[in-house]
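# Summary of structural features
For reference, the chains in residue letters:
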Amino acid sequence: MEGPARRFYESSLKNNSELTFGVLKQKMIAHFKDEQSFAASFASFSSAQQYEHESIRDFSVRLQSLVNKSFSEEAESELSDSFRAKMLLSQFMSGLKQSIKAPVIVYDPSSFKEAVEFAIRVEKFQNLVCPNINAINSSQESELQKLKNQKSECSSKMELSVQQMALLNEQLSKLQTTGENRYPSRQACPQNNRQIICFHCRKPGHIKANCWKRARDMQNNARQSNQQSQNVGRPAREQTLN
């Protein structure tokens, strides 16, 4: 005894010292008896649909169980059997998945058994053309595990590379800081300007291009050159006029 029957026995019948097999059987039947009405059972049957991953055979068995519950109290006559068979066939075709329902309706089977057999053939054909990607065999599973291991290994290597790059950047920053301290720039040390000697005026603190005396001398030279050119050209013009 296991499952719900065992739980019911341990909670309600275990402490009964006068319990016999007959009494146990009656209590079990009374406790687990399906007390659904005809309306509820027929509603379950008439609304039955094939589940997403349910096979044709499993759906047909489930549908037969539902129809037996719905029509269990019907008389065993030819009329009731015929009516039940038609209801079973109709609900089976109506409850199929759309990809299987259309071929079955076109085939137009005359009995429930014929409809189930044809639907199974359609299901097998569709599985061959479009196999279920969720069904993975052992070889595919091993390949998938290899890919997962490779991904994990690559992630570990990338993480190690990132750590090494961070360490190298830190060392490079330290080297740059040491170099700047060892060889300071001229802008950072303005006192070094005193060591610079101008080639024009021979005074420290600036270079020839920035020498103010050189600029003044160049202006004076240009002015003198203009005056000399004017003096040279004046007698020539006077002789021409005479």
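From a predicted model like this one, the values you see are computed outputs, not experimental measurements.

### A closer look at the overall build of the chain
Regarding its fold elements, the chain presents nine helices and zero strands. Ordered by position in the sequence, the α and β elements of the chain form the string α-α-α-α-α-α-α-α-α. The burial tally for the chain puts 17% of its 242 residues in the buried class. Considering only contacts in the chain between residues 6 or more positions apart, those separated by 24 or more positions represent 41%. Only carbon and sulfur atoms are counted for the fraction: they give 53% of the accessible area of the chain, which is about 19,600 Å².

### Notes on the packing of aromatic side chains
Overall, the coordinates contain three aromatic pairs when judged by the stated rule. Ring geometry for Phe59 and Phe92: centres 5.7 Å apart, planes at 25 degrees, overall stacked. Residue Phe59 is located in helix H4 (residues 56-70), and its partner Phe92 is located in helix H5 (residues 78-95); the two are separated by 33 residues in the primary sequence. Here the two residues Phe59 and Phe92 agree in accessibility, since each one is buried. Plain terms: the ring middles of Tyr107 and Phe118 are 4.0 Å apart, the flat faces sit at 5 degrees to each other, and that makes the pair stacked.

### A word on the environment of Cys211
With respect to the helices and strands, the residue Cys211 is situated in the loop between helix H8 (138-182) and helix H9 (212-241). Taking the relative accessible area as the measure of exposure, Cys211 reaches 4% and is therefore buried. Measuring from C-alpha to C-alpha, the distance between Cys211 and His200 comes to 7.4 Å, with 11 residues separating the pair along the chain. Ignoring anything within four residues of it in the chain, the contact list for Cys211 reads Cys198, His200, Cys201 and His206.

### As for H4
Look at H4: 21 Å from first C-alpha to last across 15 residues, which is about the 21 Å you get at 1.5 Å a residue. Among all positions of H4, only Ile56, Phe59, Ser60, Leu63, Leu66, Val67 and Ser70 are buried. Projected down its long axis, H4 shows its buried positions confined to an angular sector of 125 degrees, all on one face.

### Looking at unusual backbone geometry
Look at Asp108: it is not a glycine, yet its phi comes out positive at around 55 degrees. Its location among the elements puts Asp108 in the loop between helix H6 (98-107) and helix H7 (112-129). Look at Arg202: it is not a glycine, yet its phi comes out positive at around 60 degrees. For Arg202, the position within the fold is in the loop between H8 and H9. The class of Arg202 is exposed, set by a relative accessible area of 58%.

### Description of the nonpolar core
If you look at the biggest cluster of nonpolar residues, it comprises 21 residues, and the most contacted ones within it are Ile56, Leu63, Phe92, Leu96, Ile100 and Val104. Elements with a contribution of two residues or more to this core: H4, H5, H6 and H7. For this core, the element with the most residues is H7, which contributes seven residues. Excluding its chain neighbours within four sequence positions, the residues that come into contact with Ile100 are Ile56, Ala119, Val122, Glu123 and Gln126.

### Regarding the packing of H6 against H7
When two helices pack together, their arrangement is given by the angle between the helix axes and the distance between those axes. Where H6 contacts H7, the axes come no closer than 10 Å and their chain directions differ by 135 degrees. The angle between the axes of H6 and H7 places the two elements in the oblique class. Crossing hand, H6 versus H7: right-handed. Note on element contacts: H7 touches H6 through Glu114, Phe118, Ala119, Arg121, Val122, Glu123 and Gln126, opposite Ser99, Ile100, Pro103, Val104 and Tyr107.

### What about the UniProt feature "domain: CCHC-type" (unreviewed entry) in the chain?
Per the UniProt record, the feature "domain: CCHC-type" (unreviewed entry) sits at residues 198-211. The span residues 198-211 is 0% helix and 0% strand, and its two end C-alpha atoms sit 7 Å from each other.

Reading the values: the criteria
- Residues numbered from 1 in each chain as written.
- Predicted model: local features only at pLDDT ≥ 70, side-chain atom pairs only at ≥ 80, totals over all residues.
- Heavy atoms only, no water.
- Helix = DSSP H or I, 4+ residues; strand = E, 2+ residues; numbered from the N terminus.
- Buried < 20%, exposed > 50% of the residue type's maximum accessible area, 1.4 Å probe, protein only.
- Contact = heavy atoms within 4.5 Å.
- Areas by Shrake-Rupley, 256 points an atom, 1.4 Å probe, with all protein chains shown as cover.
- Phe/Tyr/Trp six-rings, centres within 6.5 Å; stacked < 30°, edge-to-face > 60°.
- Expected span 1.5 Å × (residues − 1).
- Arc of directions from axis to C-beta.
- Core = buried A, V, L, I, M, F, W, Y, C linked by side-chain atoms within 4.5 Å.
- Axes fitted to C-alpha atoms, helices over the stretch in contact; angles between N-to-C directions.
- Parallel < 35°, antiparallel > 145°, perpendicular 65-115°, else oblique.
- Left-handed = near helix turned anticlockwise from the far one by under 90°.
- UniProt positions renumbered as here; feature names shortened; annotations may be inferred.

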